[in-house]
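Residue-level listing of the chains:
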Amino acid sequence: MQCAAPAPSSLPILPLTVTLRAARLVYGGLTLFDGLDLELTSGCFTCLLGPSGIGKSSLLRLLAGLTTRGISGELRGGDGLPLTGRVAYMAQEDLLLPWLNVLDNVTLGSRLRGERPDRERALQLLAQVDLADYALARPETLSGGMRQRVALARTLMENRPVVLMDEPFSGLDALTRLRLQALAAELLADRTVLLVTHDPLEALRLGDQVWVMNGRPATLFPLAELPGAPLRDPGEPAVQTAYRAILHLLGAG
Amino acid sequence: MKGLWRGLLTLAGLLSLWQVVVILGRLPPYLLPGPWAVATSLWRHTGLLLAHASVTALEIVLGMLLGVLLGSASALALGYSRRARRWLLPVLIASQAIPVFAIAPLLVLWLGYGLGSKIAMATLIIYFPVTANFYDGLRHTPRGWLDLARVMLPTPRPWAVLRHIAIPAALPALASGLRVAAAIAPIGAVLGEWVGSSAGLGYLMLHANSRMQIDLMFAALLVLATLAVGLYFTVDAGLRRLLPWQPRHPETVEPD
């Protein structure tokens, strides 16, 4: 599959395909999934939909290298090398550290690695998420949407080819969510992205590729190729058709 | 402002109650001197009281510093090393079964009548609450932050995670340990003075008691209470300044 031409970004990123083979999760004696294969095409925005408790967050954690007991799978990049150090992670909570200001939160990664933080680039990224004036603000003074934008800037600051997002917009009000979706789509255009969500319209709006995860043990159903490029209008007939197909796959239609 | 008035009113009420009990109970001054007698004594012996108070204050402050230092170091060792947890934690918990009061005479025997034994008492008495609170905070770093750090780090760097995430995240817990420490450190110091000393407010109280100077004893008690309350509020205010992100005490909604 060929995804939309990458948008020009501040730093070039080598696209990377991610493959996961034979993923398996056993939790409390229950097999949530077994023998699951997933490929994230390089430079594509992939959305993973599914009912809660199906194991989609665990799948994302496996991709992020956050393995816990009971979960396993064979994970590598398209170049055959492990993914360690080439993934950025964005969670539902903004995970901002309350004792650091916005700028220091954005540069947390370099501080953890013992590198000198690139403040210039951090400020640039903050400007891109429209928070240039808040570099020295404390997180608790920001609104939920602003905090999640800081988290997005922190994710971009890591400058990794693969970005994994676990329902990062679900805690926000509708309008803020729409704005943040547009911003994420724009700024992550040249990365390999996996977005886990339970909102079919969000997936249809943002995804180059949409997978629906359902059943027990769970399997992945690909959605037929979606019309047009991302940031689709939910009013379009083709999106409506896809929406019905998703509901059917989720077992609700 | 309103709080200040309420405080003054409460103080005035307590003083009046005290005076009333003295008058109605016809209590002789060697059992319970009235507030006026205590105030007079406070005024007459200001120099003496201040001299002894400064000794006690020094014991408390040094004991606090030492206890917080040792407690924090122990908590960090427990939080960082599994071996320390396995060996140190049981000893730590078992040591709490021995009341500090019981070993006070030993400390005086070993460290003498001077400052040393009192500082040791104060240190011992605050060591456990500081260690327990800080260790508890270190154990409960929110998982999301640790996940974030794990993804950010290509190779594990436990010290960096401890320094940049786990320790700052545990500071509010350490702060509650410090508040407890500030409240009980004076107990340790005065206890040490009672067992054997030649200076300090505890010594002065015992001395005054044996010479039937009950008004002086009360004055010393008053100074000690002021010292303890002042220490607590100083520590509390300092911690609030240092940890501005710490959630405030939940405001209770009261119907007016």
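Calculation rules
Residues numbered from 1 in each chain as written. Chains lettered and ligands numbered in written order. Predicted model: local features only at pLDDT ≥ 70, side-chain atom pairs only at ≥ 80, totals over all residues. Heavy atoms only, no water. Contact = heavy atoms within 4.5 Å. Buried area = accessible area lost by both parts, 1.4 Å probe. Salt bridge = Lys/Arg side-chain N within 4 Å of Asp/Glu carboxyl O. Polar contact = N/O pair within 3.5 Å; in protein donor to acceptor, adjacent residues only side chain to side chain. Helix = DSSP H or I, 4+ residues; strand = E, 2+ residues; numbered from the N terminus. Nonpolar A, V, L, I, M, F, W, Y, C, P; charged D, E, K, R; others polar. Axes fitted to C-alpha atoms, helices over the stretch in contact; angles between N-to-C directions. Parallel < 35°, antiparallel > 145°, perpendicular 65-115°, else oblique. Domains from an automatic or database assignment. Buried < 20%, exposed > 50% of the residue type's maximum accessible area, 1.4 Å probe, protein only. Core = buried A, V, L, I, M, F, W, Y, C linked by side-chain atoms within 4.5 Å.

Q: Can you walk me through the interface of chain A and chain B in this structure?
A: Reports of interface size often rely on the accessible area that becomes lost once the parts have come together. Taken together, the contact pairs 26 residues of chain A with 20 residues of chain B. The contact between chain A and chain B buries some 2,100 Å² in all, and 69% of this surface belongs to carbon and sulfur atoms. Together, A:Leu95, A:Trp99 and A:Leu112 form the three largest contributors to the area buried by chain A at its contact with chain B, with a combined 33%. Here chain A and chain B share one salt bridge between them. When the shortest N-O distance is used, the salt bridge between B:Asp147 and A:Arg61 registers 2.7 Å. The interface formed by chain A and chain B contains seven residue pairs in polar contact (both at pLDDT 80 or more). Every element with two or more residues in the side of chain A that touches chain B is listed here: β5 (87–90) and α3 (108–113) of chain A. Among the residues forming the side of chain A that touches chain B, the class breakdown is twelve nonpolar, six polar and eight charged.

Q: Explain the packing of helix α3 (residues 46–80) of chain B against helix α9 (residues 201–210) of chain B to me, please; I cannot follow it from the model alone.
A: In a pair of packed helices, the angle between the axes and the distance between the axes together describe the arrangement. Residue and element names in this part refer to chain B. The contact between α3 and α9 brings their axes to 7 Å, and the two run at 135°. On the basis of their axis angle, the class for α3 and α9 is oblique. Counted together, Leu 48, Leu 49, His 52, Ala 53 and Thr 56 of α3 and Leu 201, Tyr 203 and Leu 204 of α9 form the full contact between these two elements. Class assignment for the residues of the contact of α3 with α9 results in six nonpolar, two polar and no charged.

Q: Teacher, can you tell me more about the domain arrangement of chain A here?
A: Residues and elements named next belong to chain A. Looking at the assigned domains, one finds that chain A contains domain 1 (18–86 + 161–249) and domain 2 (96–159). Measuring from the centre of the C-alpha atoms in domain 1 to the corresponding centre in domain 2 gives 25 Å. Opposite the eleven residues of domain 1 that make contact, domain 2 presents ten residues. Roughly 880 Å² is buried in total at the junction of domain 1 and domain 2, and carbon and sulfur atoms are behind 76% of that figure. Counting every contact that joins domain 1 to domain 2 gives zero salt bridges. The interface formed by domain 1 and domain 2 holds one residue pair in polar contact (both at pLDDT 80 or more) in total. The element that contributes the greatest number of residues to the side of domain 1 that touches domain 2 is helix α6 (residues 174–187), accounting for five residues. Residues that form the side of domain 1 that touches domain 2 fall into these classes: nine nonpolar, one polar and one charged.

Q: Quick question: what am I supposed to make of the environment of A:Thr68 here?
A: Residue and element names in this part refer to chain A. In this structure, Thr 68 sits in the loop between α1 (56–63) and β4 (71–77). On the accessibility criterion, Thr 68 (42% relative accessible area) is partly exposed. Along the primary structure Thr 68 and Leu 204 are separated by 136 residues, whereas in three dimensions their C-alpha atoms are 31 Å apart.

Q: Help me understand unusual backbone geometry, please; the structure alone is not making it clear to me.
A: Generally, phi is negative for residues other than glycine and the peptide bonds are trans, each holding for most cases. Residue and element names in this part refer to chain A. Put simply, Arg 216 and Pro 217 share a cis peptide bond, and its omega is -5°. For Pro 217, the location among the structural elements is in the loop between β8 (209–214) and β9 (219–222). Its identity as a non-glycine residue notwithstanding, Ala 22 has a phi of 50°, on the positive side. When you line up the elements, Ala 22 lands in strand β1 (residues 18–27). You can call Ala 22 partly exposed: its relative accessible area is 44%. Although it is not a glycine, Glu 167 adopts a positive phi angle of roughly 45°. Overall, the relative accessible area of 10% leaves Glu 167 in the buried class.

Q: Could you clarify how one ought to interpret the side chain of A:Gln209 in this entry?
A: Residues and elements named next belong to chain A. Looking at the secondary structure, you find Gln 209 in strand β8. Judged by its relative accessible area of 15%, Gln 209 is buried. Engagement of the side chain of Gln 209 in a polar contact is seen with the side chain of Thr 46, the distance being 3.2 Å.

Q: Explanation requested: the nonpolar core in the structure shown.
A: One broad rule of soluble globular proteins: the nonpolar side chains tend to lie buried together. Judged by nonpolar contacts, the single largest core of 80 residues is most densely connected at A:Phe33, A:Leu59, A:Leu112, A:Leu164 and A:Met213. The biggest single contributor to this core is helix α8 (residues 158–195) of chain B, with 14 residues. Two domains each provide a minimum of three residues to this core, namely domain 1 (18–86 + 161–249) and domain 2 (96–159) of chain A. Counting residues in hydrophobic clusters, the runner-up holds 46 residues, among them A:Cys47, A:Ala88, A:Val106 and A:Leu142.

Q: Help me understand the side chain of A:Glu167 in this model?
A: Among the secondary structure elements, A:Glu167 is positioned in the loop between β6 (162–166) and α6. Excluding residues within four positions of it along the chain, A:Glu167 makes contact with A:Lys56, A:Gln92, A:Val196, A:Thr197 and A:His198.

Q: What exactly am I supposed to notice about the pattern of salt bridges here?
A: Summed over all chains, the structure comprises 15 salt bridges over all chains. Residues joined by salt bridges that share partners form a network here, namely A:Arg113, A:Glu115, A:Glu158 and A:Arg160.

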